[in-house]
Amino acid sequence: ASGPFFGFNRPGAKTSAGLVDSFYVQGMQAGSKATYDSIEAFFHSDFREDLKKVNVPTLVIHGDDDQVVPIETTGRATAKLVQGARLIEY
């Protein structure tokens, strides 16, 4: 919990013991099989064809400095695939 997930690996970043403890507690509440299965599904799922079929107003919001889920291959790619989607980067 002290690495890139919270940006604690950035120069000058101040870690928060409370945030790290909270992240640990949340992780310990999940079952190991369920956690593994969700990561496995997340890794192997490809929604590109599904995104092309979305035909309702869509707002994509994504941080531009996400080290875990890079914006270029996720947020921006999603906004390009969904016709008429609006992308907000923060």
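Described in the following lines is the structure provided in the data block. The shown structure was predicted, so the numbers you read here are calculated from the model rather than taken from an experiment. (Residues numbered from 1 in each chain as written. Predicted model: local features only at pLDDT ≥ 70, side-chain atom pairs only at ≥ 80, totals over all residues. Heavy atoms only, no water.)

What follows deals with the pattern of salt bridges. Taken as a whole, this structure holds six salt bridges when the rule is applied. With its nearest N and O atoms 2.7 Å apart, the salt bridge here joins Asp37 to Lys33. Placement of both Asp37 and Lys33 in helix H2 (residues 32–44) is noted, with a separation of four residues, approximately one turn of the helix. Since its relative accessible area comes to 33%, Asp37 is described here as partly exposed. We note a salt bridge from Asp46 to Arg48, for which the minimum N-O separation is 2.5 Å. One salt-bridge network, held together by shared partners, links Glu72, Arg76 and Glu89. (Salt bridge = Lys/Arg side-chain N within 4 Å of Asp/Glu carboxyl O. Helix = DSSP H or I, 4+ residues; strand = E, 2+ residues; numbered from the N terminus. Buried < 20%, exposed > 50% of the residue type's maximum accessible area, 1.4 Å probe, protein only.)

Attention now moves to the layout of surface pockets. In this model, the largest pocket occupies a volume close to 490 Å³. What lines the largest pocket is a set of 15 residues, among which Phe42, Ser45, Phe47, Thr73 and Thr74 lie closest to the centre. For the lining of the largest pocket, the secondary-structure elements that each account for two or more residues are H2, helix H3 (48–52) and helix H4 (75–81). For the lining of the largest pocket, the element with the most residues is H4, which contributes three residues. Its residues placed into classes, the lining of the largest pocket shows nine nonpolar, four polar and two charged. Taken as a whole, the second largest pocket spans an internal volume of roughly 230 Å³. Phe5, Phe23, Gly27, Thr35, Ser38, Ile39 and Phe42 are the residues that line the second largest pocket. (1 Å grid on protein atoms, 1.4 Å probe; cavity = no way out; pocket = protein on both sides within 12 Å on 5 of 7 lines; lining within 4 Å. Points joined across faces, edges and corners; volume = space filled by probe spheres on them. Nonpolar A, V, L, I, M, F, W, Y, C, P; charged D, E, K, R; others polar.)

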